[in-house]
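# Descriptive structure summary
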Amino acid sequence: MTIVSVAPGWADPQWRATALDWVTGQLDRHGRRVTGPVEARQRPWSLVWQVPTDAGPYWFKANNPGTAYEAVLLAELPRLAPGLVLDPVAVDPARGWSLLPHGGPSLRDLAEPDPTRWADVLAAYANLQRTVSPLADDLVALGVPDHRPAALPALLAGLLDDRAALLLDPGPGDPDARPEATAGDGDGSDDGRLDAATYERLRAYQPRFTEDCGRLADTGIPASVQHDDLHDGNVFAADGYRFFDWGDASVAYPFGTLLVTLRSVAHTYSLPEGDPVLLRLRDAYLEAWTDRHDRAALREAAGLAVRVTTVSRALSWRRALATTDPGRAEYADAVPGWLGELFAPMPV
């Protein structure tokens, strides 16, 4: 894994002054005035400021280099799918900066007692994906990661060779050796590392994974933007549904969205894998593609896609953690953790 610095440093006073000048200037162009100090929340992959203004809060986000492409999506998606995402006040893709208005309450804020509302959410999200899919190549050209089925086998092979990211012992002569990259002891990876047996199982699974990716490509479902972290905390629920926080996204097989979404719904409402509620939500999402595809074939593709997408999740975490920020250690087990999920039960 290539480790890059978050230059010049989000805690650096000069960086903060430059960013605040940019925020203030952009708001001034829209007739808004900053009325107090910003409230900051920092993660290894992003810095977020809540900016108080005379028109309510606005939100500044600075992405690290591994997730800076989010700014591209924040600039492009309002043009491609108006009404389904926030219209940014300003975006600087070169620096990975964005400034957004307040989006209102999220689904999580509303604490809905009934999961069936997700049927409408997923229908709206499917509409976004179908609208964006003709521009998939353009998004890749602009820097959005390419996780389409044809690309994933090579990406998995590269990830399996990245022993540092998987928290495994470095191989002989590995330049990425790190003190914390020690091997699991083979007893189930309780510390978040892959044990040796799981690692070898993953290597042996590569031909099957390539076959599965080929089956997805053969379905004829076009690739689109795939949020990859679509849960109740990333959906605004005022005046319809609008989707935000695209830092994990890629251009990929669209149905992979269901991996995180249905797991999140299952967790929130204590539903087991294969619960009828989850199956109905899956079908509500797939309805958008029934004009050209058989429902049974769509369900089969969805089951395949959610398993394949565990690799996409591991890759998105690796990008997010490609930083010298010491806080990355808290999340480092997410890369091997998601990769190991390839063999776990799926929600549908």
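Source: prediction; values computed, not measured.

Calculation rules
Note on numbering: residues in each chain are counted from 1, in written sequence order. Two thresholds apply to this predicted model, a pLDDT of at least 70 for residue-level local features and 80 or more for giving and counting side-chain atom pairs, whereas whole-chain, interface and lining totals are computed over all residues. Heavy atoms throughout the structure, all of them, feed into the side-chain values; hydrogens and water do not. What counts as an axis is a line fitted to C-alpha atoms, over the stretch in contact for a helix, and the angles between N-to-C directions run from 0 to 180 degrees. Going along the chain from the N terminus, every DSSP run of H or I of four or more residues is numbered as a helix, and every run of E of two or more is numbered as a strand. Reported orientations rely on four angle classes, namely roughly parallel under 35 degrees, roughly antiparallel over 145, roughly perpendicular from 65 to 115, and oblique for the rest. With the far helix as reference, a near helix turned anticlockwise by less than a right angle produces a left-handed crossing, and one turned clockwise produces a right-handed crossing. Contacts between residues were defined by any pair of non-hydrogen atoms, one from each residue, lying within 4.5 Å. Residues are grouped as follows: nonpolar covers Ala, Val, Leu, Ile, Met, Phe, Trp, Tyr, Cys and Pro; charged covers Asp, Glu, Lys and Arg; every other residue, Gly included, is treated as polar. The predictor rates its confidence in each residue with pLDDT, a number between 0 and 100. The working definition used for a salt bridge is a side-chain nitrogen of Lys or Arg within 4 Å of a carboxyl oxygen of Asp or Glu. Exposure categories follow from relative accessible area, calculated using a 1.4 Å probe and restricted to protein chains: below 20% of the type maximum is buried, above 50% is exposed, and the middle band is partly exposed. Here is the rule: rings of Phe, Tyr and Trp (six-membered ring for Trp) pair when centre to centre is within 6.5 Å. Planes less than 30 degrees apart are stacked, more than 60 are edge-to-face, and the remainder are tilted. Take the number of residues in a helix, subtract one, and multiply by 1.5 Å to get its expected span. Each C-beta atom gives one direction from the helix axis, and the arc is the one those directions make. Any pair of nitrogen or oxygen atoms within 3.5 Å is treated as a polar contact; in protein, a donor-acceptor pairing is required on top of that, and neighbouring residues in sequence qualify only through side-chain atoms on both sides.

Below, the discussion takes up the packing of helix α9 (residues 276-286) against helix α10 (residues 295-320). The N-to-C vectors of α9 and α10 enclose an angle of 110 degrees; their axes lie 11 Å apart at closest approach. With respect to α10, the element α9 is oriented roughly perpendicular. Crossing handedness for the pair α9 and α10: right-handed. Packed against α9, whose contacting residues are R282, D283 and L286, the element α10 presents L298, R299 and A302 at the interface. Taken together, the residues of the contact of α9 with α10 break down into three nonpolar, no polar and three charged.

Right, let's talk about the confidence of the model for the chain for a bit. Per-chain confidence: the chain averages 92 in pLDDT, with 91% of residues scoring 70 or above. Low pLDDT, under 50, characterises residues 1-8; the stretch is placed with 23 contacts to residues that sit more than four places away or in other chains. Every residue in residues 175-189 scores below 50 in pLDDT, and together they form 30 contacts with partners more than four places removed in sequence or on other chains.

A few words now on the pattern of salt bridges. Taken as a whole, this structure holds 21 salt bridges when the rule is applied. A salt bridge links R130 to D291, with the nearest nitrogen and oxygen atoms 3.0 Å apart. Of the two residues, R130 sits in helix α4 (residues 118-132) while D291 sits in the loop between α9 and α10, which places them 161 residues apart along the sequence. On the basis of relative accessible area, D291 is assigned to the exposed category, the value being 53%. If you follow the salt bridges from partner to partner, you end up with R208, D212, R215 and E300 in one network.

Under the criterion given, the structure shown has 17 aromatic pairs. With a centroid separation of 5.7 Å and 80 degrees between ring planes, the pair formed by W15 and W97 is classed as edge-to-face. Taken together, the residues span a long stretch of sequence, with W15 in helix α1 (residues 13-29) and W97 in strand β5 (residues 97-101) at a distance of 82 residues. Here the two residues W15 and W97 agree in accessibility, since each one is buried. Taken together, a centroid distance of 4.9 Å and an interplanar angle of 75 degrees make the contact between F255 and W289 edge-to-face. Taken together, the positions of F255 in the loop between β10 (250-252) and α8 (258-269) and W289 in the loop between α9 and α10 put the pair 34 residues apart, joining distant regions of the chain.

Here the focus is α1. Owing to its 3.6 residues per turn, the α-helix aligns residues three or four sequence positions apart on the same side. Taking 1.5 Å per residue as the helical rise, α1 with its 17 residues ought to reach 24 Å, and the 24 Å between its terminal C-alpha atoms agrees with that figure. For α1, the full list of buried residues reads W15, A19, W22, V23, Q26 and L27. Buried residues of α1, viewed axially, fall in a sector of 125 degrees; they line one side. Across α1 from its buried face, at more than 90 degrees, point the exposed residues P13, Q14, D21, D28 and R29. Elements that come into contact with the buried residues of α1 comprise β2 (46-51), β3 (58-63), β4 (90-92) and β5. Regarding α1, its N-cap is D12, as a side-chain oxygen of that residue lies 3.0 Å from the backbone nitrogen of Q14 further along. Positive phi appears at G31, one or two residues downstream of α1, with a value of about 75 degrees.

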